[in-house]
Amino acid sequence: MKTRDKILLSSLELFNERGERNVTTNHIAAHLAISPGNLYYHFRNKSDIIYEIFLEYEKLVDFYLDIPEDRAMTLDDMTFYLESVFDGLWSYRFFHRDLEYLLDSDQRLRQDYRDFTNRCLASISRIFEKLAEAGIIEPQEEDLRSAMSLNVWLVITNWMAFLKTAHAAEASACLTLTELKQGIYQVLTLEIPYLTPAYRERVMALREKYRPSLHELGDTGTGVYK
């Protein structure tokens, strides 16, 4: 592996483990047993490293959301999209954990993330269209489909922050991939009012696999927590 790629991989590992703000370029160089000068030969600063990591994340999500146009969509497709997007969130979890700070720190990143968000929203909307064409959900007007797409995106990108606050009283609590993927339960919950009778039972069974089992948060009245 080239030194440049090692720097990106190690930076991602350290950012996820410690938080981006707690990792310096000297930490990254020491982790790789290279000199800071060698690191700066490849990247001018930490912002450049973060930007390159985002570009990798962006390509990964774009690949995951490549929607087949030559066939009908299936429940397996929908499951793949959800699993893959949450896998991506996990692999690059530092990014959404510190998103606002990172976007405020780099204008390039802010613009690219805005474009990335718009592409993701368009892909989610197209997925809803394809699900309707396949008879899995009822067809939706464009305005409703756009609102649903935004709601799904908000759940996906903010679920991690919710989990961190839900566990705020537990100093030693660590987020797990299983907990992160429980966000799929929330996404599928948004689809319940639009499920067709032919697919309702199957989607509800799929949703149940991801039911959150968070610690008691008080009387929410939702029946989600146990």
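Refer to the preceding data block for the structure.
Definitions and limits used
Residues numbered from 1 in each chain as written. Predicted model: local features only at pLDDT ≥ 70, side-chain atom pairs only at ≥ 80, totals over all residues. Heavy atoms only, no water. Helix = DSSP H or I, 4+ residues; strand = E, 2+ residues; numbered from the N terminus. Phe/Tyr/Trp six-rings, centres within 6.5 Å; stacked < 30°, edge-to-face > 60°. Buried < 20%, exposed > 50% of the residue type's maximum accessible area, 1.4 Å probe, protein only. Axes fitted to C-alpha atoms, helices over the stretch in contact; angles between N-to-C directions. Parallel < 35°, antiparallel > 145°, perpendicular 65-115°, else oblique. Left-handed = near helix turned anticlockwise from the far one by under 90°. Contact = heavy atoms within 4.5 Å. Nonpolar A, V, L, I, M, F, W, Y, C, P; charged D, E, K, R; others polar.

In most cases, non-glycine residues show a negative phi, while peptide bonds are predominantly trans. Residue Ala33 is not a glycine yet carries a positive backbone phi of 60°. Structurally, Ala33 is set in the loop between α2 (25-32) and α3 (36-42).

The next subject is the packing of aromatic side chains. Evaluated as defined, the whole model comprises 15 aromatic pairs. Ring geometry for Phe15 and Phe94: centres 5.0 Å apart, planes at 50°, overall tilted. Taken together, the positions of Phe15 in helix α1 (residues 3-18) and Phe94 in helix α6 (residues 93-97) put the pair 79 residues apart, joining distant regions of the chain. Phe15 sits in the buried class, given a relative accessible area of 0%. Overall, the relative accessible area of 0% leaves Phe94 in the buried class.

So, on to the packing of helix α8 (residues 107-133) against helix α9 (residues 142-166). Describing two packed helices takes the angle between their axes plus the distance from one axis to the other. Relative to each other, α8 and α9 sit at 120°, their axes nearing to 9 Å. Classified by the angle their axes make, α8 and α9 are oblique. Crossing handedness for the pair α8 and α9: right-handed. Contacts between α8 and α9 involve Tyr113, Phe116, Thr117, Cys120, Leu121, Ile124, Ser125, Phe128 and Glu129 on the former and, on the latter, Arg145, Met148, Ser149, Leu150, Val152, Trp153 and Thr157. Grouping the constituent residues of the contact of α8 with α9 by class yields 10 nonpolar, 4 polar and 2 charged.

Purely geometric stuff here, so don't read any function into it on its own.
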